[in-house]
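Notes for the structure review
Okay, here's what each chain looks like letter by letter:
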Amino acid sequence: MADQPTALERFVQGILPENPVYRQLLGMCPTLAVTNGMKPAMTMACSVAFVLLCANIVTSLIRGLLKPHLRIVVFTLTIATFVTIADRVLAAYLYQMSKTLGPYIPLIIVNCLIICRCEVCASKQNVFTAASDAVGQSIGFGLALASIAMVRELLGTGGLFGIAILPTAWPDWVIMVLPPGAFITLGLLLGCVNWLEMRRS
Amino acid sequence: MNYLIDIVLIALSAAVINNFVLYYFVGICPFIGVSKKVDMAFGMGCAVTFVICIAAFLSWSITTMVLIPGAPVSSFFAGFFLPAEAASKIDLTVLSYIVYIFAISSSVQFVEMYVRKFYPSLYNSFGVFLPLITTNCAILFACLTIMANVAGVENPQDAWDLGRSIVLALFGGIGFTIAIVIMSGIREEIELCDIPKPFQGAAITMIIGGILALAFMGFTGVDSGVRKAITPAPAEGTAAVMTLDHDHVHPWDARVIVKEMRLS
Amino acid sequence: MDDTTSEKRERFQNNNLLQAWLVLTLAFIFGISLAGVQAALGPKIEANKIKETMEKVPEVVLGLEAAQKLSESGEALNIQSRIIEVDKKDKKKFYTVYEARFQDNALAGWVAKAGGQGYADKIELLVGIDAQAENITGLFILDQKETPGLGNKISDTAWRNQFVDKPATSPLVVVKDKSQGPSNIDAISGATISSVAVCGIINQTVSDIGPTLTSTKKE
């Protein structure tokens, strides 16, 4: 275990140095699909955080019992269960939001981010490290989603969280809240992040 | 006839109008990862199309036979413990996500074993993609769409049958193949271009994807045109409207059509 | 020799059993927790689904102001849902219709749930019809995925208010030139197809269920 990162390192790594979206290119499907507004993006980030935290903790608890060829099955089973729970809770308490997000909540199951964290961190390290890793990665994921959603919603509708911010003279760039806007925004932001990285080193 | 129209529209919608990759953003990982060479992209597309059809068949069967309230299998087994009235109301749709993901992973496993055993040459060309497919959102997305159209409809009459489900899956897979092959073709050319260093790789792929999505948006609304064209109704011109068969087209529908034609 | 083989076999079996145990136990625990979640939240989700449409019924039947006044005065409409079956040539079509009555059992109107193809995806809407089945009392868009900024203006109150008091006995006509007429609906500029789709759904629904409503009214 000596060469494994500590809990604090895991936590910090998730936020920027190993940001799931910008550095690892994981979990692209929700990143593009639900970032047309801040509200759905934040709901998605919270759901992913919940599933990731629970899945990491459970995986870490049973890591001693895992057999190499059965581990993917166990991961999938765990993730699918927690996604179902998240989906039901959303449908019960945030019905309109769960309708807006539609199939993208169940699609968290096949979000590579979660299965990757289970595999890389939780199946090897103790519960505390796994939990802090999950929290760090979730914050990183949430920040990435927020950055994309902010650009798209601000330019596309002239507001954030549905509240108008830009002057009414602003011509809404409708394209930003449509599918092409998602690709282009993410592409440009990805380029910017790479550029900053290069300048720093 | 109505059925045929339905099938055509589902196919058209899944393949180009609401393209899986460029409209719903599912299957983005291979779209970025495996789109460097056209032949690899095509292999990936074929593998996905094949698996998606099998998964659609499985998920449709499981949903109608086991999961929805009043499904034959679940009510049969519940009949041993419960009165018939309660047994026919058992709703297992809460388990659907778990069931689908297992159906997908096991079908991927079986396809891999089968292809490796019986078609080694085929396996060599696109067998390597098969394990990757399990975590491809496109397949689960197809299953979820089918479930929404089987379990989520208000009238049992509107529920999709097996044919519609398979058509959705098949053409969804074809749409995925179209998108990824176009993408890889562009990327092969992009290799020769002088792209700013920070934008090389994923960033430029995303921007190209955005332009492709913009192009595919041009297909929106094609389905209403196609529906109008193939629905048994006056083809064009006012003369045809006068000979309207009032039994088939309600006069009220026709007025909208007439008014619209005059405008256009 | 025998000892080692039996030992090996035993180890192998133990191994398999252990592996299976882990997956099965997990599946069992998860199954129970899911059943618990479903038992706790299932009724609430069902209630949400029904509430979504029920909430809108007074507004669609009476108009927003009257509905607010009614709820402020503490009264509520009695709403009952029923299914109306319409025989088409090749298939049967079902409509969910909500019958709204005042406290004194006087009929306030009907609200029908209908859906159809829009420009981008399916449009789902509620259309209100008055007690005489002669006028449209309101329109509410439940679900649509039309183009933001153009087609999604079908959800705007201003556009929807055009439908209030339009006759339900003759079909609505979509116009682009703002010309006045008893049944004219002004198209949203840049989104004629969405406007036509909404009017088409309403015309279809009203013509399908109109006869049934008129006959119920007489009873």
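Structure shown above.
The rules behind the values
- Residues numbered from 1 in each chain as written.
- Chains lettered and ligands numbered in written order.
- Predicted model: local features only at pLDDT ≥ 70, side-chain atom pairs only at ≥ 80, totals over all residues.
- Heavy atoms only, no water.
- Helix = DSSP H or I, 4+ residues; strand = E, 2+ residues; numbered from the N terminus.
- Buried < 20%, exposed > 50% of the residue type's maximum accessible area, 1.4 Å probe, protein only.
- Contact = heavy atoms within 4.5 Å.
- Areas by Shrake-Rupley, 256 points an atom, 1.4 Å probe, with all protein chains shown as cover.
- Arc of directions from axis to C-beta.
- Buried area = accessible area lost by both parts, 1.4 Å probe.
- Salt bridge = Lys/Arg side-chain N within 4 Å of Asp/Glu carboxyl O.
- Polar contact = N/O pair within 3.5 Å; in protein donor to acceptor, adjacent residues only side chain to side chain.
- Nonpolar A, V, L, I, M, F, W, Y, C, P; charged D, E, K, R; others polar.

Concerning the overall build of chain C
Each helix and strand counted, chain C has five helices and seven strands in total. Counting from the amino terminus, chain C carries its helices and strands in the arrangement α-α-α-β-β-β-β-β-α-β-β-α. Scored against the burial criterion, the 219 residues of chain C give a buried share of 44%. Across chain C, contacts joining residues at least 24 apart in sequence account for 46% of those joining residues at least 6 apart. Accessible surface, chain C as shown: approximately 11,700 Å² in total, 53% of it carbon and sulfur.

As for the side chain of Thr205(B)
All names here are of chain B. Mapping Thr 205 onto the fold places it in helix α11 (residues 202–217). Its relative accessible area of 1% is what places Thr 205 among the buried residues. Residues in contact with Thr 205, not counting those within four places in the same chain, are Phe 31, Ile 32, Met 183 and Arg 187.

Remarks on helix α1 (residues 7–15) of chain A
Taken residue by residue, α1(A) has Ala7(A), Arg10(A), Gly14(A) and Ile15(A) as its buried positions. The arc that holds the buried residues of α1(A), viewed along the axis, is 130°, so those residues lie on one side.

Regarding the interface of chain A and chain B
Across the contact, 36 residues belong to chain A and 33 residues belong to chain B. In total, chain A and chain B occlude about 3,000 Å² of area from one another, counting both sides; carbon and sulfur atoms represent 86% of this. Interface area lost by chain A to chain B is led by Val110(A), Pro179(A) and Phe183(A), which between them contribute 21%. Connecting chain A to chain B are zero salt bridges. For the interface between chain A and chain B, the tally reads three residue pairs in polar contact (both at pLDDT 80 or more). Looking at the side of chain A that touches chain B, the elements with two or more residues in it are α2 (28–33), α4 (71–93) and α9 (179–200) of chain A. Grouping the amino acids of the side of chain A that touches chain B by side-chain chemistry returns 28 nonpolar, six polar and two charged.

Overview of the interface of chain A and chain C
On the chain C side, the residues contacting the 25 residues of chain A number 23 residues. Summing the contributions of chain A and of chain C, the shared interface buries around 2,100 Å²; its carbon and sulfur component is 77%. For chain A, the biggest contributors to the area lost against chain C are Leu77(A), Arg88(A) and Tyr95(A); these three give 24% of the whole. For the pair chain A and chain C, the interface holds zero salt bridges. Linking chain A to chain C there are three residue pairs in polar contact (both at pLDDT 80 or more). Tallying contributions element by element places α4(A) first for the side of chain A that touches chain C, with 12 residues.

These results come straight from atomic positions and should not be treated as a statement about function.
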